[in-house]
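Overview (structure and organization)
What follows is the residue order along each chain.
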Amino acid sequence: MDSLFFLFTGAAMTNILDIKNLNKSYNGIPALKNVSLSVRAGEIHGIVGANGSGKTTLMNILFGNPVIRETGGYQGEIYYEGVSLKTKNSTEIIGLGIGMVHQEFALIPDMTIGENIKLGREETNRFTDRLFGKKYSFVDRKKNDLNAESALKKLGVNVDIGVKIINLSTNTRQFVEIAREIARADLKLLLLDEPTAVLSRDDASNLLEDLTELSQGGLGILFVSHRLEEIQQICDRATVLREGEVISQYGRGEVSTTKLARDMIGHTVSKAMAKKRAIEPRPLVSFQQYSVEMPGEEIRGMDLDIFEGEILGLAGLSGHGKSALGYGIMGMYPATGEVVYENMKIDRMDAKANILKGMYVLPDDRQALGILPDHSLAENIIFTGDQIKGLFSMNFGLPFLGFLDKRKVYDHVHQLVDDFEIRCTSVKQKIRELSGGNQQKVCIARALTVNPRLLFVAEPTRGIDISAKEKILKMLIDINRSRHTTIVIASSELDELKRVCDRIAVMVEGRIFKVLQPDSSDVEFALALAGEEGTDYDA
Amino acid sequence: MTHDRIRTPQIIIIIFLVILLIMAYILHMDLVVLFNESLIKLVMNGVLALALIPMLNVGAGMNFGLPVGIVGGLVGLCIAVNFRLTGFPGFFASLLFSLIICVVFGWLYGLLLNRVKGREEIAGTFIGFSIIPLMNYFWTLAPFQNRQMLYPIGGQGLRPKIGLDPYFYNVLDNFCMIKISGFEIPLGLLAFYGLLCLFLYLFFRTKVGRAIIATGENEAFSRLSGIDISKIRLIAIILSTVFAGIGICVYSQSYGFIQLYDEPLSMAFPAISAVLIGGSTGRRTWIFEAVLGTYLLQTIYLLTVPIANEILIPELTEILRTFITYSIILYALLYRDRRRIVY
Amino acid sequence: MRYKILAEKLFNMENLVPTVFLLLSFFAWQFSGLSGTFVLNQVITRFIRDGILVLSLIIPVVAGMGLNFAIIVGAMTMQTALLFVINYQLAGLPGILLVFFLGIILAVISGFAIGHVLNRVKGKEMIVTIIIGFLANSIYQLVFLVGFGTFIPVANEEIILSRGIGVRNAVDLGMYRNTIDKFWLIKLGGIEIPLFMILVVLLFAGIISYLLHTRFGQEVKAVGSSHEKAEIAGINVNALRIKVIIISTVLAALGQLAYLQNIGMFDVYTAHMNTDIISCAALLAGGASIKSANIRHAIVGIFLFHTLFIVSPQAGQNLFHNAALGEYFRSFVAYGTIAFALIISTKYEKK
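Rules used throughout
Residues numbered from 1 in each chain as written. Chains lettered and ligands numbered in written order. Predicted model: local features only at pLDDT ≥ 70, side-chain atom pairs only at ≥ 80, totals over all residues. Heavy atoms only, no water. Helix = DSSP H or I, 4+ residues; strand = E, 2+ residues; numbered from the N terminus. Buried < 20%, exposed > 50% of the residue type's maximum accessible area, 1.4 Å probe, protein only. Contact = heavy atoms within 4.5 Å. Areas by Shrake-Rupley, 256 points an atom, 1.4 Å probe, with all protein chains shown as cover. Lys, Arg positive; Asp, Glu negative; His and termini not counted. Charge placed at Lys NZ, Arg CZ, Asp CG, Glu CD. Buried area = accessible area lost by both parts, 1.4 Å probe. Salt bridge = Lys/Arg side-chain N within 4 Å of Asp/Glu carboxyl O. Polar contact = N/O pair within 3.5 Å; in protein donor to acceptor, adjacent residues only side chain to side chain. pLDDT = per-residue confidence, 0-100. Axes fitted to C-alpha atoms, helices over the stretch in contact; angles between N-to-C directions. Parallel < 35°, antiparallel > 145°, perpendicular 65-115°, else oblique. Left-handed = near helix turned anticlockwise from the far one by under 90°. Pairing = 2+ DSSP bridges. Nonpolar A, V, L, I, M, F, W, Y, C, P; charged D, E, K, R; others polar. Expected span 1.5 Å × (residues − 1).

Once that is clear, we can look at the overall build of chain A. Looking only at helices and strands, chain A features 20 helices and 22 strands. Its C-alpha atoms give chain A principal-axis dimensions of roughly 85 × 55 × 45 Å. Residues counted as buried form 55% of the 539 residues belonging to chain A. Taking the contacts inside chain A whose residues are at least 6 apart along the sequence as the reference set, 67% of them involve residues at least 24 apart. Surface exposure of chain A reaches about 23,200 Å², of which carbon and sulfur atoms provide 50%. Of note, chain A has its 65 positive side-chain charges centred 4 Å away from the centre of its 73 negative side-chain charges.

Okay, structure coming up:
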């Protein structure tokens, strides 16, 4: 029906952006498969997709991000007003009249709002223009600020133009970022990547109004968001991406949050790995008004009880704080709020103290935080148990020496390697030579060595091949059942959480939005992830 | 690991060494004498190179602030000489004094470096530079009494070059010296060096040592595992400073003079380049690399002196020295950061 | 964030450092017993001698590359140009012009190379520039002490050592000495003001200030604030950083020319030594940090730092009857100021 629509209006509205059969893969793993879509002048085209759906890759391609070229470029064609964008870098793409609003702001922290809005397009003195050319011409500050101010006014924002970005709230920064793009006279197409993610509801609705107005003025807008309501509200058309493919495209009037939610998550067939069981609601640890300042993954005043002996899943889109929980406890990022563990208040978020109390964290970024790449498998397994609990030290009566008790180490490590079927040439093999799955097994083995009562695991199966995934999940269940270790799994693989967990808490904007049962419906999850209450869905 | 240890700079250095050896042979130099001297030079400079290892291993980079430890060692030497201690007791007393002073210096230096994480090298350079004029006050004003250390007439304070001849000049060099048909093997000296290497080797096998290496390899991992990063770094920096102090004591007893004032200013650079020639990439460094690097570099220096004199440009030695030293450090700085991106 | 603001209120480095320098210079001057006129004359001389060198540091700081210790390379390129022209005995105006252009060309080339190198070590520029400076110095020595008379033909025997290889330690610049300095020399009582040279230094200050107020300057500031963000905003960061280093190196080369013609005697192997350290310390003394610097910092810094530099040996002599102690003090001040700036600024970055 897309083509029909096009037929009717084709003469009046021309496509300014045409993406045809776009394919992109990273190291042989496809990220985008045959994606085609178009944006017309005066239209808002929405793109919806969960994590890993290819949204970011698509935006990176359109932004001319060097990452794309470094990883082998892409196949397919992108035309902007008939010009192919294939060989263009980001500066050239901007020069063509495409504006980009990035998820991570492209604002210069130590410069003022005015300077940022006009960066690279400053109003310059005419006389010096002729003398030295535009680039080396004197910047007319006054004119510059006036111009910037009018762009901000268009968005209905009232701030002092002379304030530095670093002193602004995230809300205001988002508006400045957009103002920078619309201040351009030549702007014809605006690419927006999750522009409302950081905004409060009020500000978001203001922004949506602004965008509608801009598009009525003839601007083409490509709008990426996970807030389904917004897409429904303002988009003329919407495309749903899942696993790199275009799942569906809807025209105006056809867009509905329920349909979008269903298409975004897809229908998952998942058989529970663990039997459903009743967990006594006796909190092992409870968080009250707990906040963690992890940049990009902030937790903002979370309340959560974790019951003894359960496996709790933490779901949420990236940027909503699900991976910050464990890091906060280990003091990796500043954390505030009350944490009660075994009826005792934890006053210091200190890794050593909390490991000794029986907590342990397996990080999501395994390469950066989870392993010592040049150390052997054995050394990786024993590291924490050895350093913090002194499990493998020989002291000869001198406690500060602590040479390794090799036999004890190897007995322990061999046992774990056999139990977990860690594939390696020897326990002395360097861990960076192992596959991702085996590295993860080593991490879990390290956790078991300290024998925690409460284990936080983040993204346990990221970057691991399918067969190993199953094993890792099974290991986690086994540990929970046999050792009565309470486990919190933060994962973006909803499917896996549903199979393993007793309860699944969905995080939105740094807080627990809803706690769902693993057998809740897909649509329920999809709406919860998008932060929609979803009381009136028609599944 | 072994396959990437030999890289361009090592190849160039070895080719250069071979050319020098051939030239030495052509110019009829006594290679046996050169060999004997090379062993002395190895230990003389080798301890200073060892001093860099703890800081490299903890991830604090090349210790451009080596002069901090060196001046600590010099104070130790001066105290020993002030009390006119001679022979081995004198030498070991100087080591003991150095140790105490360097622990204090290293602790202060470590506190400063812990505040400049990620920029230790440039900060270390300037902390090292600034301690020199500060210590010049000490050399000038400290109440040393031994006349042989002081400016003869008219001057105030210690003289810039204090002869060790009456005290413990060459005590270690000549200890257990074995002479076989022209070859002179300073067994005692080598054993002392070996002991220091062994100490470091064992140290990195203790619990603290293992934590140091882990911290250097992946600081975030260490932190997540409950290691107190600041404390571990402090220990490594103190150890590095203490070794620098011991290093200058060994150096001075070989050289025969305590060199004060501006002399230690640029002593860090040859030591750093030695470790780099040995194959270190500015991160985890093995003791073997420090020993090998020192030997290669010192042998090259040793060979260039007579050759440069032979071709009538004596300054060439010193210029080549600095040229080799700085180009290797620059290469390592560039190479290390490129490698980090690949990871 | 909150701490940062609080710390800035308590400890405003931009004012604290110059105040300390002011107090130190004042007391050192009191103890030195030198006349105000003498000190002022000396400081003015230092101002026209070192001014451009200090100014050459500003743009790299603004571009977030820290203190560019490699300005010493710029100084050496000008000396190289000078030595080659003297070697081929080009006197008079053509000679001076040739020195000028040759120096600039060499500075552009080396600035280009240094810029490339620095693009590979973002965040560690300072330690690399300092090593580049040392390395360039040994190459310089290699060329003039070993190269002249062996690979490079000698045309002017006067500047060559008696053994026929290598340039002498000192080359007289008698014919150029103080030629421009005497231009428009105004005498106010005992104070001599070389108005023309002061104007030249101020002209360079104006040029830098102008550059920082152009589109180019906005880009430099953007890169200095965050090169990742600037890259996303569509600025070609690497190319910009190379331009910045070229400008800095060329300015340093010109600065060294001003320096040499003022001194009038050319110490071939030592004239450039420590120009980097002294210039950096002077800039910092004026209240700059390794993250921010402007013209005012440079000008105030030169006056404060050099006042201290001039009076401290005499103050040491009068206070302790040992001029050396004053000398130690001033080298401690030079190195210590830089060390202090490095330690303080990293503390702030962490918030």
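Next comes the rest of the write-up.
Take the interface of chain C and chain A next. Every contact between the two is made by 20 residues of chain C and, on the other side, 29 residues of chain A. Taking both partners together, chain C and chain A bury about 2,200 Å²; carbon and sulfur atoms supply 59% of that area. If you look at where chain C meets chain A, you find three salt bridges. For E122(A), the salt bridge is made with R215(C), and the minimal N-O distance between the two is 3.8 Å. There are eight residue pairs in polar contact (both at pLDDT 80 or more) connecting chain C and chain A.

This brings us to the confidence of the model for chain A. All names here are of chain A. The share of residues in chain A with pLDDT of 70 or more is 94%, and the mean pLDDT across the chain is 83. Confidence, read as mean pLDDT per element, is least for helix α1 (residues 2-9) in chain A (43) and greatest for strand β20 (residues 486-490) (92). In the predicted structure, residues 1-12 sits below a pLDDT of 50 and forms nine contacts with residues beyond four places in sequence or in another chain.

Residue and element names in this part refer to chain A. Within the secondary structure, S215 is located in helix α9 (residues 201-216). Taking relative accessible area as the criterion, S215 reaches 6% and is therefore assigned buried. The spatial distance from the C-alpha of S215 to the C-alpha of E43 is 5.8 Å, given a sequence separation of 172 residues. Ignoring anything within four residues of it in the chain, the contact list for S215 reads G42, I44 and I221.

Right, let's talk about the packing of helix α2 (residues 31-50) of chain B against helix α10 (residues 229-255) of chain B for a bit. All names here are of chain B. One can describe the packing of α2 onto α10 by two numbers: an axis separation of 7 Å at closest approach and a directional angle of 165 degrees. Of the possible angle classes, the one that applies to α2 and α10 is roughly antiparallel. For the pair α2 and α10, the sense of crossing is left-handed. Contacts between α2 and α10 pair I40, V43, M44, N45, V47, L48 and L50 from the former with F243, A244, I246, G247, I248, V250, Y251, S254 and Y255 from the latter.

Looking now at the sheet that holds strand β19 (residues 454-458) of chain A. Residue and element names in this part refer to chain A. Pairing is mixed across the open sheet formed by six strands, whose spatial order is β16-β19-β20-β13-β21-β22. The open sheet has two free edges, formed respectively by β16 (359-362) and β22 (511-516), since each of these has just one partner strand. Shown here is a sheet whose adjacent strand axes are inclined to one another by a mean of 20 degrees, direction ignored. As paired elements, strand β21 (residues 503-508) and β22 share five bridges and run antiparallel to each other. Its bridge partner lying in β22, A505 is registered against V515.

Further remarks concern the pattern of salt bridges. Residue and element names in this part refer to chain A. According to the stated counting rule, one finds 33 salt bridges over all chains in the structure shown. With a closest N to O distance of 3.7 Å, D350 and R348 form a salt bridge. In the salt-bridge network here, residues are joined through shared partners; they are E177, R180, E181, R184 and D186.

What follows deals with the sheet that holds strand β15 (residues 344-345) of chain A. Residue and element names in this part refer to chain A. Overall, antiparallel pairing links the four strands, which are arranged β12-β11-β14-β15 in an open sheet. Edge strands, defined here as strands with exactly one partner in the open sheet, are β12 (299-307) and β15. Judged from the six bridges that link them, strand β11 (residues 283-292) and strand β14 (residues 335-341) form a sheet pairing that is antiparallel. By the bridge assignment, V292 is partnered in β14 with A335.

On to the interface of chain B and chain C. A common measure of how large an interface is: the accessible area buried when the components associate. With 43 residues of chain B at the interface, the matching set in chain C holds 41 residues. Of the roughly 4,000 Å² buried between chain B and chain C, counting both surfaces, carbon and sulfur atoms make up 74%. In this structure, the connection of chain B to chain C is made through one salt bridge. Close ionic contact of K124(C) with E121(B) constitutes a salt bridge, the shortest N to O distance being 3.8 Å. Taken together, the connections running from chain B to chain C amount to one residue pair in polar contact (both at pLDDT 80 or more). Taken together, the elements giving at least two residues each to the side of chain B that touches chain C come down to α5 (87-114), α6 (120-141) and α13 (315-342) of chain B. Of the residues that constitute the side of chain B that touches chain C, the class distribution is 26 nonpolar, nine polar and eight charged.

Residues and elements named next belong to chain B. Running from N to C, helix α4 (residues 66-82) and α6 cross one another at 20 degrees; their axes reach a closest spacing of 9 Å. The orientation of α4 with respect to α6, classified from their angle, is roughly parallel. From α4, P67, V68, V71, L74, V75 and C78 reach across to α6, where they touch I127, G128, I131, I132, M135, F138 and W139. Here the contact of α4 with α6 is built from residues that sort into twelve nonpolar, one polar and no charged.

All right, on to helix α6 (residues 92-119) of chain C then. Because an α-helix completes one turn every 3.6 residues, residues spaced three or four positions apart along the sequence face the same direction. All names here are of chain C. Here α6 is 28 residues long and its end C-alpha atoms lie 40 Å apart, about the 40 Å a rise of 1.5 Å per residue gives. Along α6, the positions that sit buried rather than exposed are G95, V99, G103, A107, S110, G111, I114, G115, L118 and N119. In this fold, the buried residues of α6 make contact with α5 (71-87), α7 (125-147) and α11 (237-263).

All names here are of chain C. In this model α5 runs 24 Å from its N-terminal to its C-terminal C-alpha over 17 residues, within 8% of the 24 Å that 1.5 Å per residue would give. Where burial is concerned, most of α5 is hidden: 16 out of the 17 residues are buried. Looking one or two residues beyond α5, the residue adopting positive phi is Q89, at roughly 50 degrees.

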